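So you can see what is in the structure, the chains are spelled out below.
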Amino acid sequence: MIPFPVHIPFVEHLGLTLHALGDGEAELRLAVAEPHLNSWRVAHGGVVMTLLDVAMAHAARSVNRRAQDDGATDLGPGVVTVEMKTSFMRPGEGELRAVGRLLHRSTTMAFCEGSVFGGDGKLCAHATGTFKYLKALPGGGRQVHALNRRDGGPTPA
């Protein structure tokens, strides 16, 4: 297990853990517990979709990974989810493992896919997602590093 490179309170609240990050890929895990269940007593679809979203977002950012002098990791620009499509194949039970992969990126966008596997190793869900690289949220949200633009100007939100 490795530390998340940014503080995400909702991710911490759910208990997601990061196990791999780099070269356009990320792996997260979650031990499904009572608070994660739906009325069928399996992982709630929202939990599974969050695993997919976070795995893909980290995969999108992992290509910018740089070590800093103080030992911290800088992932460059942040990402926000523009769209996500999820297909559910089977219930999520046991320890869930989510793998996100960066398929293609441009200066401002990342196109990713993600899969969640159940404790038995079988595919539970698959998603594709589009993410926008940005330096800050509109309205003064969390600041992140700006993308390098050819004109040297600020990156549009």
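Since this is a predicted model, take the numbers as computed values, not measurements. Within every chain, residues take consecutive numbers counted from 1 along the sequence as written. It should be noted that, the model being predicted, local features are given only for residues of pLDDT at least 70 and side-chain atom pairs only at 80 or more, the latter also being counted only at that level, while totals for whole chains, interfaces and linings use all residues. With hydrogens and water stripped out, all remaining heavy atoms of the structure feed into the side-chain values.

Novice: Outline the sheet that holds strand β1 (residues 17-22), listing residues and values.
Specialist: Pairing in this open sheet of six strands is antiparallel, and the strands run β1-β2-β6-β7-β8-β5 from one edge to the other. Here the strands that pair on one side only, and so sit at the sheet edges, are β1 and β5 (78-88). The mean inter-strand angle of the sheet, taken between neighbouring strand axes irrespective of direction, is 20°. Pairing between strands is defined by DSSP: at least two bridges between the two strands are required. Runs of H or I in DSSP of at least four residues are treated as helices and runs of E of at least two as strands, each being numbered from the N terminus. In terms of strand pairing, strand β7 (residues 109-117) meets strand β8 (residues 123-134) through nine bridges, oriented antiparallel. Residue pairing in the sheet places A110 in a bridge with F131 of β8. Here an axis means a line fitted to C-alpha atoms, over the contact stretch when the element is a helix, while the angle between two N-to-C directions is reported on a 0 to 180 degree scale.

Novice: Which residues make up the nonpolar core, and what are the values?
Specialist: As a rule of thumb, soluble globular proteins bury nonpolar side chains together. What we call a nonpolar core is a set of buried Ala, Val, Leu, Ile, Met, Phe, Trp, Tyr and Cys residues that are connected through their side-chain atoms within 4.5 Å. Working definition: with a 1.4 Å probe on protein chains only, accessible area under 20% of the residue-type maximum means buried, over 50% means exposed, and in between means partly exposed. Among the nonpolar cores identified, the biggest contains 32 residues, and L16, L28, L51 and V116 are the most heavily contacted of them. Broken down by secondary-structure element, the contributors of at least two residues to this core are α1 (9-14), β1, β2 (25-31), α2 (45-62), β6 (95-105), β7 and β8. The element contributing the most residues to this core is α2, with ten residues. Note on definitions: a residue-residue contact is assigned when non-hydrogen atoms from the two residues lie within 4.5 Å. Excluding residues within four positions of it along the chain, L16 makes contact with F4, V11, L28, R29, L30, T50, L51 and V54.

Novice: Could you give an account of unusual backbone geometry, naming the residues involved and the relevant values?
Specialist: Despite not being glycine, D23 has its phi angle at roughly 55°, a positive value. Along the chain, D23 falls in the loop between β1 and β2. With relative accessibility at 78%, the residue D23 sits in the exposed group. Despite not being glycine, R41 has its phi angle at roughly 70°, a positive value.

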